[in-house]
Amino acid sequence: MFRTKRSVLVRRLWRSRAPGGEEEEEEAAAGEPGPAAAVVVAEARAHVCGGGGRGCCPGKAGRGGRASAGAEAELKALTHAVLKRLKERQLEGLLHAVESRGGARTPCLLLPAKADSRLGQHWYPLPVLLCKVFRWPDLRHCSEVKRLCCCESYGKAHPELVCCNPHHLSRLCELESPPPPYSRYPMDFLKPTDCPDSVPSSTETGGTNCLAPGGLSDSQVLQEPGDRSHWCVVAYWEEKTRVGRLYSVQEPSLDIFYDLPQGNGFCLGQLNSDNKSQLVQKVRSKIGYGIQLTKEVDGVWVYNRSSYPIFIKSATLDNPDSRTLLVHKVFPGFSIKAFDYEKAYSLQRPNDHEFMQQPWTGFTVQISFVKGWGQCYTRQFISSCPCWLEVIFNNR
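The structure displayed is predicted, hence computed values, not measured ones.

A.B. asks: Help me understand unusual backbone geometry in this model?
C.D. replies: Comment: phi is negative for the bulk of residues other than glycine, and the bulk of peptide bonds are trans. In this structure, Glu239 takes a positive phi of about 55° despite not being glycine. With respect to the element layout, Glu239 can be found in the loop between β10 (232–238) and β11 (241–242). According to the relative accessible area criterion, Glu239 is partly exposed, its value standing at 28%.

A.B. asks: I keep staring at the packing of aromatic side chains and nothing clicks. Help me out?
C.D. replies: In this description, a pair of aromatic rings is defined by centroid distance and the angle of the planes. For the structure shown, the criterion picks out nine aromatic pairs. Taking 5.1 Å as the distance between ring centres and 10° as the angle between the ring planes, the aromatic pair formed by Trp237 and Trp388 counts as stacked. Highlighted residues: Trp237 in strand β10 and Trp388 in strand β21 (residues 388–393), separated in sequence by 151 residues. Note on accessibility: Trp237 and Trp388 belong to one class, buried.

A.B. asks: Looking at this model, I keep getting lost on the side chain of Thr106. Mind explaining?
C.D. replies: One can find Thr106 in the loop between α5 (88–99) and β1 (110–112). Thr106 has contacts with Gly93, His96, Ala97, Asn165 and His168, leaving out every residue within four places of it along the chain.

A.B. asks: In this structure, what is going on with the sheet that holds strand β19 (residues 334–339)? I would like to understand it.
C.D. replies: What links the strands of a sheet is backbone hydrogen bonding, and the strands pair in either a parallel or an antiparallel sense. Spatially, the seven strands line up as an open sheet ordered β4-β6-β19-β16-β15-β13-β14, and their pairing is mixed. With one partner strand each, in any of the chains shown, β4 (145–147) and β14 (265–267) form the two edges of the open sheet. Sheet twist, expressed as the average angle between the axes of neighbouring strands with direction ignored, equals 30°. Here strand β6 (residues 169–172) pairs with β19 via two bridges, running parallel. Following the sheet pairing, Arg171 is matched in β19 by Phe334.

A.B. asks: Which parts of the structure should I look at to understand the nonpolar core?
C.D. replies: It is characteristic of soluble globular proteins that their nonpolar side chains tend to be buried jointly. Counting residues in each nonpolar core, the largest one holds 39 residues, and the members touching the most others are Val234, Val302, Ile312, Ile367, Phe369 and Phe393. The dominant element in this core, judged by the number of residues it contributes, is β19, at four residues. The next biggest cluster of nonpolar side chains, apart from the first, holds 30 residues, and it includes Leu13, Leu75, Leu83 and Leu130.

A.B. asks: When you look at the pairing of strand β3 (residues 122–125) in this model, what are you seeing that I'm missing?
C.D. replies: Regular strands have side chains that alternate between both faces of the sheet. Sheet topology note: the strand β2 (residues 116–119)/β3 ladder contains four bridges and is antiparallel. If you follow Arg118 over to β3, its bridge partner there is Trp123. Where β2 hands over to β3, the hairpin turn is made up of two residues, of which Gly120 adopts a positive phi near 65°.

Calculation criteria
- Residues numbered from 1 in each chain as written.
- Predicted model: local features only at pLDDT ≥ 70, side-chain atom pairs only at ≥ 80, totals over all residues.
- Heavy atoms only, no water.
- Helix = DSSP H or I, 4+ residues; strand = E, 2+ residues; numbered from the N terminus.
- Buried < 20%, exposed > 50% of the residue type's maximum accessible area, 1.4 Å probe, protein only.
- Phe/Tyr/Trp six-rings, centres within 6.5 Å; stacked < 30°, edge-to-face > 60°.
- Contact = heavy atoms within 4.5 Å.
- Pairing = 2+ DSSP bridges.
- Axes fitted to C-alpha atoms, helices over the stretch in contact; angles between N-to-C directions.
- Core = buried A, V, L, I, M, F, W, Y, C linked by side-chain atoms within 4.5 Å.

Have a look at this one:
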């Protein structure tokens, strides 16, 4: 009975593996681009302001093409060999993580840090191997992933045991240089204007003046009641209307979601929205697991837990000498350092008179779910996006 249950767990795990990827890896090792590589090249050629680029997440797992029988058999044998070394409780935890797609809180899967496995011509650490099997078949190196702060192995340089739970890691979003032009528009657009695209200030604060498409200003945040110990506040918007009150964040990590199996944080699904737009309702339903916002030593990271891309604009993601603002596309399963405190302070430029004449948005990050905005989209301003967030950081 004991072996039978273990065998059932192993079979269920193998059936839950991520589709595709092995054939592309074999061809890449031989120096020939596979179908996924061809897609990357084609999209790279097409993203010159065409709205079809890959954003800041090159290397997104390709799902085209079926693996050869030999590669599939080798991967299956290797995966079964690793899984059969796990205890029954570890198998159950791993299966729960995989089947819930990271939506459930699952324990760490601690295995020997020095254990590697050979697949084809490559040796992979166990965390990378399990991420290849269950999340990203094109993953090749541990430098391409980032450990989430919920993991026991987070911040440990050389642990004897390392967590191999594939949903305790995220794909690392590396910015291209120069960044792709998903949105590129001058900072003049941030100046106060009477144009219809400006966002009405919150009625909650009693204000009546108009703001630029950036949304809430720092001065408005100070008018909101709340504990000053917060490190940021979050506002949820549907087009030009803010829904609900500002959410003050004290904990280092915050989940922002519409529907999460074991959600604990800012639940957008519980907010009462009067917006009858079908597009808004459709995008709201696609938020799903949403994002995870985490304050870490080097800055604030955003992890896309949903099944759809998110779009992020932050002053600290841009070139310090740039007078333009960029919107970066972040694919599902990827993390990006959306805010850097040191860089934000250096960007204030107190002696720059022209810069000081503009509303300072350096401590604000804007995030849109599913839909992008900017020159390459029909929506020029984030206030035209169906569902979006504004994260305002406490700079004191």
